[in-house]
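Understanding the architecture of this molecule
One-letter residues, chain by chain:
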Amino acid sequence: SRRRHTRYSLQSRGLGDVYKRQTLDPQSDLRPFFVENLVHALRGFSPQIVDYRRGKLTDDGGATETFEINASATQLVLKLSWDRGSRLDFRVTRDGTDVTGAGTTTERDTYRIFAIDLPATIAGDPLEAAGSWTLDISGAEDTEYHAAAIVDEPRLGFETSVTADNNRVGDSLTLTARLTIDGQTMTTPATVSAEIFRPGESVGNLLATADVPAAPGELRFEPGTSPGQRNLALLLQDKKTWRTIAPRSDNVTLTAGGDGSYKAASAPFAKPGFYKVVFTIEGEHPVVGKFRRTETRGVLLKFAAADPQLTDLVVQPTNADATRYSLSVRPKDSFGNFLGPDYVQRIAVRIGDEPVKAVQDEGDGRYTTEFEIEPGTNPEVE
């Protein structure tokens, strides 16, 4: 179907805010979101993501993705998916030997999954988990794909988290991880790093400052589409807008605490939006061998408090006897961020003790209303 450009919030029910994600590109983000949530939902058991990757077939119609699997994994699942209308195939090799026939392969229109219980046998020879497992992918050139490796791992455990003090602009992010072996603290050193994806520009700032083009005649909006969603859909027709809001990334290494825990703190962030953090955990332990795991977490930093000195506020009469007024407010915080459209429920106007009920969202970060006062009075407007 035709992609609709708007803001989506992907949230798995029953998991709190662990994997809550905002996205402008659900067609691309939905697949990793599903895999991450599935693994987290089964965390009481033992599936873990070794790695999640995106790629594109080369000009000769081929690609390879290799995953290093540790010795104590009891099952391996390799997943390959692609957009509808394409078609991909793969064979699985371990350390150069074709082992596709040793597992079970499931195929549908948009994905192919290989699963194998470990250890196994192939042609009478033992097949252990430890080693390099490779997807040799084939199909039409330039076809984009998602590939993932998931293991069932009962002995190695880890927990990661991302927190912010107030979940508002100006906060730094605290990243933590904790590793265990057989339920006990893992004291063997490991390397824990994270890539933080931050907004290039906030949607609120974009909608408050960009020149919105006129709607093409063939463009139709769904009933109930908000002013902000309409303007965003129009702006996203331009590739320059995508480059403006595209996430930028920073890499940090977490410091070991000596008790199986790892921690790092980022610098404060000044843009509202969703901050995605991809943890990578690598190490070697006598019980599980060499291992690598990834996990994605995220946090939403919201607009900070409106700064009275930076917020545009205009009140002016609209009739000759100055009994009817218009009010326009364009909230801005101390970091220079606009609140943006679609937050009319956060704007309250009072004339004395009486609330003004009709506040209009103008779609560019401005909120307007009109009100009347009694002749000869000078009420306080809040």
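Refer to the structure above for everything that follows.
The sections below set out a description of the structure shown in this document. Worth saying up front: this structure is predicted, and the values here are computed from it rather than measured. (Residues numbered from 1 in each chain as written. Predicted model: local features only at pLDDT ≥ 70, side-chain atom pairs only at ≥ 80, totals over all residues. Heavy atoms only, no water.)

Ordered in space as E23-E24-E28-E27, the four strands form an open sheet in which the pairing is antiparallel. A single partner strand is all that each edge strand has here, and the edge strands are strand E23 (312-317) and strand E27 (360-361). Pairing of strand E24 (residues 324-330) with strand E28 (residues 367-372), which is carried by six bridges, proceeds in the antiparallel orientation. Bridging across to E28, Ser328 finds its partner in Thr368. (Pairing = 2+ DSSP bridges. Helix = DSSP H or I, 4+ residues; strand = E, 2+ residues; numbered from the N terminus.)

If you walk through the whole model with that rule in mind, you get 20 salt bridges. The shortest N-O distance in the salt bridge between Arg53 and Asp51 comes to 3.0 Å. By relative accessible area, which is 11% here, Asp51 ends up buried. Glu370 is the partner of Arg324 in a salt bridge, and the nearest nitrogen-oxygen pair spans 3.0 Å. Of this pair, Arg324 sits in strand E24 while Glu370 sits in strand E28, and the two are 46 residues apart along the sequence. By relative accessible area, which is 29% here, Arg324 ends up partly exposed. Looking at Glu370, the relative accessible area reads 43%, which means it is partly exposed. (Salt bridge = Lys/Arg side-chain N within 4 Å of Asp/Glu carboxyl O. Buried < 20%, exposed > 50% of the residue type's maximum accessible area, 1.4 Å probe, protein only.)

In terms of residue burial, strand E5 (residues 75-82) counts as a mostly covered element, since six of its eight residues are buried. Where E5 lies against strand E9 (residues 111-117), seven bridges are found, and the strand directions are antiparallel. When the bridges of E9 are listed, Lys79 appears paired with Ile113. In this structure, E5 lies alongside strand E13 (residues 144-152), joined through eight bridges in antiparallel fashion. Bridge assignment links Leu78 to a residue of E13, and that residue is Ala149.

Taken residue by residue, helix H3 (residues 227-235) has Gly228, Asn231, Leu232, Ala233, Leu234 and Leu235 as its buried positions. Those residues of H3 that are buried are in contact with helix H2 (203-209) and helix H4 (239-245). (Contact = heavy atoms within 4.5 Å.)

Counting residues in each nonpolar core, the largest one holds 27 residues, and the members touching the most others are Ile69, Trp133 and Ile137. Breaking this core down by element, the ones donating at least two residues are strand E4 (62-69), E5, strand E6 (88-94), E9, strand E12 (131-139) and E13. With residues near it in sequence (within four places) discarded, Ile69 still touches Val50, Leu76, Ala129, Ala130, Gly131, Trp133, Val151 and Lys290. Leu254, Tyr262, Phe269 and Val277 belong to the second-largest nonpolar core, a separate cluster that totals 26 residues. (Core = buried A, V, L, I, M, F, W, Y, C linked by side-chain atoms within 4.5 Å.)

Attention now moves to the sheet that holds strand E7 (residues 97-98). The four strands lie next to each other as E4-E12-E6-E7, forming an open sheet whose pairing is antiparallel. Each having just a single partner strand, E4 and E7 make up the two edges of the open sheet. Note: E6 against E7, two bridges, orientation antiparallel. In the strand pairing of E7, Arg94 is matched with Thr97.

On to the packing of aromatic side chains. Tallied over the full model, the rule gives two aromatic pairs. With centroids separated by 4.7 Å and ring planes inclined at 45°, the aromatic side chains of Phe269 and Tyr275 adopt a geometry described as tilted. Comparing Phe269 with Tyr275 shows no difference in burial state: the two are buried. The ring of Phe197 has Lys276 sitting right over it, with the charged end atom 4.8 Å from the ring centre. (Phe/Tyr/Trp six-rings, centres within 6.5 Å; stacked < 30°, edge-to-face > 60°. Lys NZ or Arg CZ within 6 Å of the ring centre and 35° of its normal.)

A cluster of acidic residues, Asp59, Asp60, Glu141, Asp142 and Glu144, forms a negative patch at the surface. Judged by relative accessible area, which is 48%, Glu144 ranks as partly exposed. (Patch = residues over 30% accessible without salt bridge, like charges linked within 9 Å, V, L, I, M, F, W, Y side chains within 5 Å. Areas by Shrake-Rupley, 256 points an atom, 1.4 Å probe, with all protein chains shown as cover. Lys, Arg positive; Asp, Glu negative; His and termini not counted. Charge placed at Lys NZ, Arg CZ, Asp CG, Glu CD.)

Turning our attention to the environment of Glu284. Here Glu284 lies in strand E21 (residues 273-285). For Glu284, a relative accessible area of 47% puts it in the partly exposed group. Sequence spacing of Glu284 and Thr188 is 96 residues, and the spatial spacing of their C-alpha atoms is 7.9 Å. Apart from residues lying up to four places away in sequence, Glu284 is in contact with Thr188, Gly289, Lys290 and Phe291.

On to the side chain of Arg94, then. Inspection of the secondary structure puts Arg94 in strand E6. For Arg94, a relative accessible area of 17% translates into the label buried. Arg94 has contacts with Val99, Leu127, Glu128, Ala129, Ala130, Ser132 and Trp133, leaving out every residue within four places of it along the chain.

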